[in-house]
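These are the residues of each chain, in order.
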Amino acid sequence: MAMTLGAMAAAATLTLGMSGSAYAAEGVLTINGAEYVDPSGCYPVDWFPSSVTNHTDAIAEVHSGPGCSGPVEWLVYPGETYYTETAQSVFIL
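Residues numbered from 1 in each chain as written. Predicted model: local features only at pLDDT ≥ 70, side-chain atom pairs only at ≥ 80, totals over all residues. Heavy atoms only, no water.

A.B. asks: Would you mind showing me how to read the overall build of the chain here?
C.D. replies: Helix and strand content of the chain: 1 helix and 8 strands. About 5,700 Å² of surface is accessible on the chain, with carbon and sulfur atoms providing 65% of the total. (Helix = DSSP H or I, 4+ residues; strand = E, 2+ residues; numbered from the N terminus. Areas by Shrake-Rupley, 256 points an atom, 1.4 Å probe, with all protein chains shown as cover.)

Right, dumping it as structure tokens:
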């Protein structure tokens, strides 16, 4: 019985550890009309003026530099749209 409980505990630990590493926002992030379903990571902003619409369960960071570098210009909360003429990338986890 102790061996069975130990195996179950090890399996539960492994499962819980793996679930956090594959996280992505749930929903749709729209940048200039391009839709990204369950987005995760960095996305380019490729023309100006631009719009970022966040219909996910996470906050999107709008960066002034390419590749999600430079200062964060704005935080786009779920349900919001942000318009910009200077941002070059968007990061969402």
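Okay, back to it.
A.B. asks: Please explain the nonpolar core as it appears in this structure.
C.D. replies: Nonpolar side chains tend toward joint burial in soluble globular proteins. The biggest cluster of nonpolar side chains holds 14 residues, and the ones touching the most others in it are Leu29, Val62, Val90 and Ile92. Those elements giving two or more residues to this core turn out to be strand E1 (27–31), strand E5 (60–63) and strand E8 (89–92). Look past the residues within four positions of Val62 in its chain and what remains in contact with it is Val52, Pro71, Val72, Glu73, Trp74, Val76, Tyr82, Ala87, Ser89 and Val90. (Core = buried A, V, L, I, M, F, W, Y, C linked by side-chain atoms within 4.5 Å. Buried < 20%, exposed > 50% of the residue type's maximum accessible area, 1.4 Å probe, protein only. Contact = heavy atoms within 4.5 Å.)

A.B. asks: Which parts of the structure should I look at to understand the sheet that holds strand E3 (residues 41–44)?
C.D. replies: Strand pairing in a sheet takes place through backbone hydrogen bonds and is either antiparallel or parallel in direction. Ordered in space as E3-E8-E5-E6, the 4 strands form an open sheet in which the pairing is antiparallel. Two strands lie at the open edges of the sheet, namely E3 and strand E6 (72–76), each paired on one side alone. Adjacent strand axes in the sheet meet at a mean angle of 25 degrees when their direction is disregarded. Relative to E8, E3 runs antiparallel, the two being bridged by 4 bridges. Bridge pairing in E8 places Pro44 opposite Ser89. (Pairing = 2+ DSSP bridges. Axes fitted to C-alpha atoms, helices over the stretch in contact; angles between N-to-C directions.)

A.B. asks: What should I look at first to understand the packing of aromatic side chains in this one?
C.D. replies: Where two aromatic rings form a pair, the distance of their centres and the angle of their planes describe that pair. For the coordinates displayed, the defined rule picks out 2 aromatic pairs. Note on Tyr36 and Tyr43: the rings are 4.4 Å apart at their centroids and 45 degrees apart in plane angle, and the pair reads as tilted. Relative accessible area serves as the criterion here: at 13%, Tyr43 is assigned to the buried category. Relative to Tyr82, the ring of Trp74 has its centre 5.1 Å away and its plane inclined at 5 degrees; by these criteria the two rings are stacked. Under the relative-accessibility criterion, Trp74 is labelled partly exposed at 46%. (Phe/Tyr/Trp six-rings, centres within 6.5 Å; stacked < 30°, edge-to-face > 60°.)

A.B. asks: Honestly, unusual backbone geometry in this entry has me stumped. Any pointers?
C.D. replies: Negative phi is the rule for most residues except glycine; trans is the rule for most peptide bonds. Here Phe48 and Pro49 are connected by a cis peptide whose omega angle stands at -10 degrees. A positive phi angle, close to 55 degrees, is found at Asn32, a residue other than glycine. Examined against the element boundaries, Asn32 turns out to sit in the loop between E1 and strand E2 (34–37).

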